[in-house]
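# Per-entry structural report
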Amino acid sequence: MKFCMSNCNDDKIIRVNMVKHRINQNKIKDVEGPVNFNLRCARIKLETEDEEILITNLDPAEADLKELKEIYNMHWGIETKYNLLKNGIKLEKFTGDTDRAVQQDFYASIYISNLASIMIADAQEEYDKLHQNSQKKHEYKINQRMAIAYLKEDLLHVLLQDDLQKAMKLYEKFVKKLSKHVVAIRRDRKFERPTRHNPKYGRTNKKLF
C-alpha cells in the first residue's frame, strides 16, 4: 500500500514482484516461487475534496476513472450492512470459545439480519403506502437499528405462536409499529468520516436474541 501511495499518479499500472521471502512473510499458501502481476493504482477525488487511492485489477479499458469512482460509491450498501451486523447485531460478540459456539452465534446473527431485512422491506412498503401523496423534502427509509431493537423484543412472540393467523396478526402489528420509525435519506451529503479507535468489546455483555 505504501508503495502504491508513493508511486500513484492519477492512474497507473504497477508491476508487483512477489519473491519467495515476501510470500512467506505474508503467509500466502499454495504459492511457490516468485510471482509477478500487475495492479492498477487510481487516485480519485471525493466530493469532500479528500483523495482516495483505489487498487484494482480492472484494466483502464474496462473502467475509466469516472467509472471507478461510481463503482467505489456503490460499495456503501455493503459497508452499511457490515456496520449493522457488527455494531447493531454484535456479530463479533460470541458467547463461547468453541467452534460450535462461534458458528452458532454467527448463523443466529445472520438469521436475525435476514429477518430484519424482510421486516424492513414490509415496513417500508407500509410507510410508502401511507405517505404516497405526502409532499416531503426528503425520501425516508426505515430505521435499521429500530428494526433490530424490535426484533429482540417481539421476535419470540411471533415464532412461538402456534396459531398461524395469530402469528400473522402479531407480525402485521410489528410491521406497522416499525413503519413509524424512519430516517431521512439526504443525498449528496458531504461530511468527514470520523476516525475512532474503540477497543474490542468483551464477551460478558453479549445481548442474546
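Look up a bit, the structure's there.
Only a predicted model underlies this, so the values are computations on that prediction, with no experimental measurement involved. (Residues numbered from 1 in each chain as written. Predicted model: local features only at pLDDT ≥ 70, side-chain atom pairs only at ≥ 80, totals over all residues. Heavy atoms only, no water.)

### Topic: helix 6 (residues 144-159)
Going by this rule: Consider a residue and the seven residues that end there alongside the seven that start there; fitting an axis to each set, the bend is the angle between those axes. Secondary structure elements are taken from DSSP: a helix is a run of H or I of four residues or more, a strand is a run of E of two residues or more, and numbering for both begins at the N terminus. Exposure is judged per residue with a 1.4 Å probe applied to protein chains only, and the accessible area is read against the type maximum: over 50% gives exposed, under 20% gives buried, and values in between give partly exposed. In what follows, residue pairs with any heavy atoms lying within 4.5 Å of each other are defined as contacts. Here a polar contact means two N or O atoms within 3.5 Å. Within protein one must be a hydrogen donor candidate and the other an acceptor candidate, and residues neighboring in sequence count only if both atoms are side-chain atoms.
Glu 153 marks the point of greatest bend in helix 6, at about 50°. Those residues of helix 6 that fall on the buried side of the exposure criterion are Ala 147, Ile 148, Tyr 150, Leu 151, Asp 154, Leu 155 and Val 158. Contact partners of the buried residues in helix 6: helix 4 (76-88), helix 5 (99-130) and helix 7 (164-178). For helix 6, the capping residue at the N-terminal end is Asn 143, with a side-chain oxygen 3.0 Å from the backbone nitrogen of Arg 145.

### Some words on the pattern of salt bridges
Where charged atoms from two side chains of opposite charge come close, those side chains can pair. Rules: We define a salt bridge as a side-chain nitrogen of Lys or Arg found within 4 Å of a carboxyl oxygen belonging to Asp or Glu.
Under the definition given, this model contains one salt bridge. Asp 11 serves as the salt-bridge partner of Arg 40, at 2.8 Å between the closest nitrogen and oxygen. Highlighted residues: Arg 40 in strand 2 (residues 35-45) and Asp 11 in strand 1 (residues 11-18), separated in sequence by 29 residues. Look at Asp 11 and you get partly exposed, because its relative accessible area is 32%.

### Some details on the sheet that holds strand 1
Rules: Two strands are said to pair when DSSP picks up at least two bridges between them. The axes used here are C-alpha line fits, helices contributing only the stretch in contact, and every angle between their N-to-C directions lies in the interval 0 to 180 degrees.
Here we have three strands laid out as an open sheet, ordered 1-2-3, and antiparallel in their pairing. At either margin of the open sheet sits one strand with a lone partner, and together these are strand 1 and strand 3 (51-56). Going across the sheet, the axis of each strand differs from the next one's by a mean of 30°, ignoring polarity. With six bridges joining them, strand 2 and strand 3 adopt antiparallel strand pairing. Among the inter-strand pairings, Ala 42 is bridged to a residue of strand 3, identified as Leu 54. Helix-sheet contacts for helix 3 (residues 65-74) involve strand 1, strand 2 and strand 3, and the interaxial angle to strand 2 is about 85°.

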